[in-house]
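Chain and residue survey
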Amino acid sequence: MRRSLWGAVGGGPAPRPTLDGRQDAEIAIVGAGIAGLSLACELAAAGRTVCVVEALTPGAGALGASAGIIAPQLVRTTPVKVLEKLGPELGASWLGLVGESGGHLFDLIRALEIDCDARPYGFIAPARGANAPERLQQVVEEWRPFRQDLSVLDADATHAMTGCVGYGAAVLDASGGGVNPLKLAAGLAARAVETGAALFHHSPATALERVGARWRLEAGGGVVEADKIVLCANGGNQFLHPSLDATVLPMRVHELATAPVSHRLRASVLPGGQSLTDLELDIFSIRFAEGERLVTFYPVKQEATAEAIEQAVNRRLAGMLDAYEPVRIEHLWEGVAWINSSLLPRIVALDEGLLAVQACNGRGIATNAIVGREIARMLLSDGRYRPAIAMERPGRIGRVPFMRHVPGLMLRLGRAMRQARGRLLGKDS
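Keep in mind that this is a model prediction, so the values were computed, not measured.

1. Some points on the overall build of the chain
- The secondary structure content of the chain amounts to twelve helices and 19 strands.
- Partitioning the contacts of the chain with sequence separation of at least 6, the portion at a separation of at least 24 is 76%.
- Within the structure as shown, the chain displays about 17500 Å² of accessible surface, and the carbon and sulfur contribution to it stands at 54%.

See below:
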């Protein structure tokens, strides 16, 4: 059971060689996820010589381990707080970029003709509480200067559109949706190669140094010499440059996919085909994927048996879905979402000609494609274009041995609070 749905349904990246010998490029990219591959496509299409090295295969990291949800939203913050942190000019540019990111990704999928089970049907972010309508309406109003595709659903509309119980309101983001992330990676990789990029699989980057005016990158069994390097290996970036050490935190996530569900359950839950991730501390997230399987997030204990996991997931779904019926879990997989201190993606300037993308904070599919576009525009303009994203020096996170456990602790705290609330209400959710 511990194999992703995406790996099981096939359509992964075509084989590519391992780096061996010497490669010369204008721009080298480390990491074949969304950011690295979208950047490679943009640069190669513009005629630049590009070399991409990937430790395993495209999508094998956080991308392929995700639920494939396209959520063009902020993580645990609001537009007002972003403006306060980044300032009115950069903050406004970044908020506009987030608002554009979902549409940009689906446009890119269509333009490149990538077959990845794209479902551009929207993203729903519900919340509990009697004041949920007012809270979410305030957030939507804060977004108004930057995007017009958000609306607030009241409790009845939320129930009708999600089939979930207990929510007081929801934000409906018309630009979100879902994809098969591994097929998306495979499609981007294929287009990058078709446009002239060199792509090497099973070529982990192991050393990086400046030699004169250029960079020397050791990867796999070979060397890449390049004018510029962009590190897009997410959490793996921190092992390639000392300034990136202890600047991100890991959050382990477990995704599960059921066997194909009944017509009754499918007609009741997310009948419009949207994806859903709520705004609660104990995150509830669902979507449908290939074969009309329900994909959901659940914090799984390492020692848990398949039977115990299935029982726990069914208990939660029974407390959340109005038309619940028992489901069978066919696939379970684990991934790591990397989190930085600001919870905002950023470009880190490490040295002349050396950049790093950091970090996706769990929303990388929506944002990293457009981040790749922004970096491409900057590189193609020789630095004259200012990307609409924070460009910073790396900031270390203090007390990392303790702090690295905080994301998981927060999830467990949220689950405990939900269970306590369920007991008070006489429910086992």
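2. What to know about the pairing of strand E18 (residues 354–358)
- Counted residue by residue, E18 has five buried out of five residues, so it is predominantly covered.
- In the sheet, strand E11 (residues 221–231) pairs with E18 via three bridges, with the strands oriented parallel. Within the sheet, the bridge partner assigned to Val230 lies in E18 and is Leu355.
- Of the strand pairs in this sheet, strand E17 (residues 346–351) and E18 are connected by five bridges, and their pairing is antiparallel.

3. Looking at the nonpolar core
- Ile29, Trp94, Leu184, Val230 and Ile375 are the most contacted members of the largest nonpolar core, which totals 76 residues.
- Those residues in contact with Ile375, other than ones at most four positions away along the chain, are Leu39, Val230, Ile347, Leu355 and Val357.
- Within the second largest apolar cluster, 27 residues are counted, among which are Leu265, Ile309, Ala312 and Leu317.

4. Remarks on the sheet that holds strand E14 (residues 285–289)
- Read from one edge of the open sheet, eight strands run E5-E6-E4-E13-E14-E15-E12-E16, paired in mixed fashion. With one partner strand each, in any of the chains shown, strand E5 (150–154) and strand E16 (329–339) form the two edges of the open sheet. Averaged over neighbouring strand pairs, the angle between their axes works out to 25° when direction is ignored.
- As paired elements, strand E13 (residues 275–277) and E14 share two bridges and run antiparallel to each other. Considered in E14, the bridge of Thr277 is made with Ser285.
- Its contacts with the sheet put helix H5 (residues 132–143) on strand E4 (123–127), E5 and strand E6 (169–173), and the angle it makes with E5 is roughly 170°.

Analysis parameters
Within any chain, residue numbers begin from 1 and follow the written order of that chain's sequence. Thresholds applied to this predicted model are a pLDDT of at least 70 for local features of residues and 80 or more for the giving and counting of side-chain atom pairs; totals over whole chains, interfaces and linings are not thresholded and use all residues. No hydrogens and no water enter the side-chain calculation; it runs on all heavy atoms of the structure. Think of it this way: any DSSP run of H or I at least four residues long counts as a helix, any run of E at least two long counts as a strand, and we number them from the N terminus. Throughout, a contact is declared for two residues whenever any of their heavy atoms are within 4.5 Å. Note that accessible areas follow from Shrake-Rupley with a 1.4 Å probe, and for residues the cover is restricted to the protein chains shown. Exposure categories follow from relative accessible area, calculated using a 1.4 Å probe and restricted to protein chains: below 20% of the type maximum is buried, above 50% is exposed, and the middle band is partly exposed. Only when DSSP finds a minimum of two bridges between them are two strands counted as paired. For this analysis, a nonpolar core means a set of buried residues of the types Ala, Val, Leu, Ile, Met, Phe, Trp, Tyr and Cys, connected via side-chain atoms within 4.5 Å. As a rule, the C-alpha atoms of each element are fitted with a line to give its axis, helices using only the stretch in contact, and angles between N-to-C directions run from 0 to 180 degrees.

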